[in-house]
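In case you want the letters, here they are:
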Amino acid sequence: AKAAVPAGSAIGYDNDQCAALYADRMDRVFPYDYPVMYWLKPLISPGVRVIDIGGHIGLHFYAYRQYIDGLEHVRWTVCEVPAVAERGRRIAVERSVSQLSFTSDFSAIDGHDVVISAGALQYIEQTTIVDLLRSVTTRPSHVILNKIPLHNGPDFVTIENTGPSFSPYRSFNRQKFFD
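The structure contained in this document is the topic of the report that follows. (Residues numbered from 1 in each chain as written. Predicted model: local features only at pLDDT ≥ 70, side-chain atom pairs only at ≥ 80, totals over all residues. Heavy atoms only, no water.)

Attention now goes to the sheet that holds strand 6 (residues 150–151). Reading across the sheet, the three strands line up as 6-8-7 and stay open at both edges, with mixed pairing between neighbours. Every other strand in the sheet has two partners, leaving strand 6 and strand 7 (156–161) as the edge strands with one partner each. Inspection of the sheet shows strand 6 paired to strand 8 (residues 166–173) by two bridges, in the parallel sense. In the strand pairing of strand 8, Leu150 is matched with Phe172. (Pairing = 2+ DSSP bridges. Helix = DSSP H or I, 4+ residues; strand = E, 2+ residues; numbered from the N terminus.)

So this is what it looks like as C-alpha cells:
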C-alpha cells in the first residue's frame, strides 16, 4: 500500500497535520461511542488503568468523562504515534488533566486493566491485537474493540486519504479476526 501512495505525500498519522485532526471531536460523543461506553462503565472504579490504543489526543477520555462517573479516578493512557502523543500531552497540560498520559510504546499495555481500541487497529502495521496481548506479562482483564473493518473475504490492505496524509488501512476477514 505504501508503494502506491503518491510521490512526495506524507504517510501515516505521525505528523503535525494529522495530530491537529479531530479537534472538533473533543468532548463530543458520537453514536458509535455508545457500545464502548456501555461496556466500559461497569469497569470503572478508583485505580483502574485504561489504555486506549489509537485514542488520538485523548478524544475518548474527554468525551466519555461527561457520561461515565469516576473517570477522574482512573489512570487513562493513550498509545499513539509520537506527533499525536505530543499534541495530546500539551492539551492535557492546558486542560490541567493529570490522570491522562500518552505513550508510543505498545508494551505499555502490560499491567493495564482495560484495553480500548476504537477505529485504530486497521492502521497498525507492525502487529495485531492478538500479538500485542500475547507480548505482555500481565494481560488486561477486559478488551473493548470498536470500529474495526471486518468482511467475509480475505484480509487486504488499501490506502486511506486522511487529507494531510495517506495511510495504509487493513480490512480483516471476520472469521479469522474472531478466531
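Okay, back to it.
With that settled, the discussion passes to the side chain of Thr103. Relative to the elements of secondary structure, Thr103 occurs in strand 3 (residues 100–103). The exposure class of Thr103 is buried, given its relative accessible area of 16%. Looking at Thr103, its side chain comes within polar contact range of the main-chain nitrogen of Asp105, at 3.1 Å. Apart from the residues within four sequence positions on either side, Thr103 is in contact with Thr77, Val78, Cys79, Glu80, Ala85, Arg89 and Ala108. (Buried < 20%, exposed > 50% of the residue type's maximum accessible area, 1.4 Å probe, protein only. Polar contact = N/O pair within 3.5 Å; in protein donor to acceptor, adjacent residues only side chain to side chain. Contact = heavy atoms within 4.5 Å.)

What follows covers the pairing of strand 8. Strand 8 sits mainly inside the fold: seven of its eight residues count as buried. Inspection of the sheet shows strand 7 paired to strand 8 by six bridges, in the antiparallel sense. Each residue of the ladder has a partner; that of Phe156, found in strand 8, is Ser171. The antiparallel pairing of strand 7 with strand 8 creates a hairpin that spans four residues between the two strands, and Gly163 there sits at a positive phi of about 105°.

All right, on to the side chain of Glu80 then. Position of Glu80 relative to the elements: it lies in the loop between strand 2 (75–79) and helix 4 (82–94). Lacking a salt bridge, the buried Glu80 has Arg89 as its closest oppositely charged neighbour, with an N-O distance of 10 Å. At 3.0 Å, the side chain of Glu80 forms a polar contact with the backbone nitrogen of His56. Glu80 has contacts with Gly54, Gly55, His56, Ala85, Thr103 and Ser104, leaving out every residue within four places of it along the chain. (Lys, Arg positive; Asp, Glu negative; His and termini not counted. Salt bridge = Lys/Arg side-chain N within 4 Å of Asp/Glu carboxyl O.)

Spatial strand order, 3-2-1-4-5: five strands in an open sheet with parallel pairing. Looking at which strands have only one partner, the edges of the open sheet turn out to be strand 3 and strand 5 (142–146). Between one strand axis and the next, the sheet turns by 20° as a mean value, whatever way the strands run. Pairing analysis gives five bridges linking strand 1 (residues 49–53) to strand 2, with the strands arranged parallel. Paired with Arg49 across the two strands is Arg75, which belongs to strand 2. (Axes fitted to C-alpha atoms, helices over the stretch in contact; angles between N-to-C directions.)

We now examine the pairing of strand 5. Bridge count between strand 4 (residues 114–118) and strand 5: five bridges; the pairing is parallel. Note on strand 5: the bridge partner recorded for Ser117 is Leu145.

Further remarks concern the environment of Val36. Turning to its location among the elements, Val36 is positioned in helix 2 (residues 34–40). Each C-alpha atom, one on Val36 and one on Gly163, is 27 Å from the other, the two residues being 127 residues apart in sequence. When near neighbours in sequence (up to four residues on either side) are disregarded, Val36 contacts Tyr64, Ile116, Ile144 and Asn146.

The next thing to look at is the packing of aromatic side chains. Enumeration over the complete set of coordinates arrives at nine aromatic pairs. Aromatic side chains Tyr38 and Trp39 sit 5.1 Å apart centroid to centroid with 90° between the ring planes, which places their arrangement in the edge-to-face category. For the ring pair Phe172 and Phe177, a centre distance of 5.4 Å and an interplane angle of 55° mean the geometry is tilted. Here Phe172 falls in the buried class, since its relative accessible area comes to 9%. A relative accessible area of 21% places Phe177 in the partly exposed class. Site record: aromatic cluster; members linked through ring pairs are Phe61, Tyr62, Tyr64 and Trp76. Above the plane of the ring of Tyr62 lies Arg95, whose end atom (NZ or CZ) is 4.5 Å from the centre. (Phe/Tyr/Trp six-rings, centres within 6.5 Å; stacked < 30°, edge-to-face > 60°. Lys NZ or Arg CZ within 6 Å of the ring centre and 35° of its normal.)

By themselves these figures say nothing about function.
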